[in-house]
Amino acid sequence: MISSPVIFHVVPMTAAHAKNICGWHYKAPYNIYGWLSWDKMEALGIEFGDPRIRREQYVSVLNDKDDLCGFAQLFPMVGTVRLGIGMRPDLCGHGLGHLFVGAIVREALKRYPSREVDLEVLTWNQRAIRAYRKCGFTITDTYERRTPNGEKPFYCMVYDKSSAKA
């Protein structure tokens, strides 16, 4: 646990942030969350490797010292904004998740105030699920989705705006 309070804030994702994120390596079983190399992401023009998608959908999450601590995708859908969230590997598991996610939720609500905010999480990822619950998300659905390792069970979790925990 990190004892001092950390304040996270959201900024536009830069190409330098994106390149840095591509170098992050998670320990198993979280290694499913890794990215291709920056050169491949940029060459293929996928996800934050595409400057337009990076500008429109991706944000970086910084701490109060402006260190890159993670990122989020705010993917707009009809009536919903779906979050994709990634925290820097060395910060995971230290009890910061709800503060980190809270900053992202506040940004999503600022950009899309009338939309529902949801996310998908692998059912085995109890560490993330605890953080999401603490932030005001509840499980609303369970389904199978394709991953790089085959079909896996996911929860859909929806943010309760009336909880105002973010």
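In the nomenclature of an unreviewed UniProt entry, the protein corresponds to RimJ/RimL family protein N-acetyltransferase from the organism Paenibacillus forsythiae.

So, on to the overall build of the protein. From N to C terminus, the protein includes 5 helices and 7 strands. In sequence order, the protein lays out its α and β elements as β-α-α-α-β-β-β-α-β-α-β-β. Computed over the C-alpha atoms, the radius of gyration of the protein is 15 Å, within 12% of the 15 Å expected from 2.2 N^0.38 for a compact globule of 166 residues. For the protein, the spread of C-alpha atoms along the three principal axes comes to 40 × 40 × 35 Å. Counting over 166 residues, the protein shows a buried share of 43%. By sequence separation, contacts in the protein at least 24 residues apart represent 58% of the contacts at least 6 residues apart. Summing over all exposed atoms, the protein offers an accessible surface of approximately 9,100 Å²; the carbon and sulfur share of this is 53%.

On to the packing of helix H4 (residues 97-111) against helix H5 (residues 126-135). Two elements in contact, H4 and H5, have axes separated by 8 Å at closest approach and are oriented at 60 degrees. As the angle between them shows, H4 and H5 are arranged oblique. In the crossing of H4 with H5, the sense of the turn from one axis to the other is right-handed. Between H4 and H5, the residues in contact are Gly97, His98, Val101, Gly102 and Val105 and Ala131, Tyr132, Lys134 and Cys135, respectively. Each residue belonging to the contact of H4 with H5 can be placed in one class, and the counts come to 5 nonpolar, 3 polar and 1 charged.

Next up on the list: the sheet that holds strand E1 (residues 9-12). One open sheet holds the 7 strands; their spatial order is E1-E2-E3-E4-E5-E7-E6, and the pairing between them is mixed. Among the strands making up the open sheet, the edge pair consists of E1 and strand E6 (137-147). The sheet shows a mean angle of 30 degrees between the axes of neighbouring strands, taken without regard to direction. The pairing of strand E4 (residues 80-87) with strand E5 (residues 116-122) spans 4 bridges and is classified as parallel. Residue pairing in the sheet places Arg82 in a bridge with Asp118 of E5. Packed on one face of the sheet, helix H1 (residues 15-22) meets E1, strand E2 (58-62) and strand E3 (68-77) and runs near 105 degrees to E3.

Another aspect to go through is the layout of surface pockets. Here the largest pocket is characterised by a volume of approximately 1,500 Å³. Lining the largest pocket are 50 residues; nearest its centre among them are Tyr33, Gly84, Ile85, Gly86 and Glu120.

Take H4 next. Here H4 spans 21 Å end to end across 15 residues, near enough to the 21 Å set by a 1.5 Å rise per residue. Those residues of H4 that fall on the buried side of the exposure criterion are Gly97, Phe100, Val101, Gly102, Ala103, Ile104, Val105, Glu107 and Ala108.

Quick notes on the rules
Residues numbered from 1 in each chain as written. Predicted model: local features only at pLDDT ≥ 70, side-chain atom pairs only at ≥ 80, totals over all residues. Heavy atoms only, no water. Helix = DSSP H or I, 4+ residues; strand = E, 2+ residues; numbered from the N terminus. Rg over C-alpha atoms; globule rule 2.2 N^0.38 Å. Buried < 20%, exposed > 50% of the residue type's maximum accessible area, 1.4 Å probe, protein only. Contact = heavy atoms within 4.5 Å. Areas by Shrake-Rupley, 256 points an atom, 1.4 Å probe, with all protein chains shown as cover. Axes fitted to C-alpha atoms, helices over the stretch in contact; angles between N-to-C directions. Parallel < 35°, antiparallel > 145°, perpendicular 65-115°, else oblique. Left-handed = near helix turned anticlockwise from the far one by under 90°. Nonpolar A, V, L, I, M, F, W, Y, C, P; charged D, E, K, R; others polar. Pairing = 2+ DSSP bridges. 1 Å grid on protein atoms, 1.4 Å probe; cavity = no way out; pocket = protein on both sides within 12 Å on 5 of 7 lines; lining within 4 Å. Points joined across faces, edges and corners; volume = space filled by probe spheres on them. Expected span 1.5 Å × (residues − 1).

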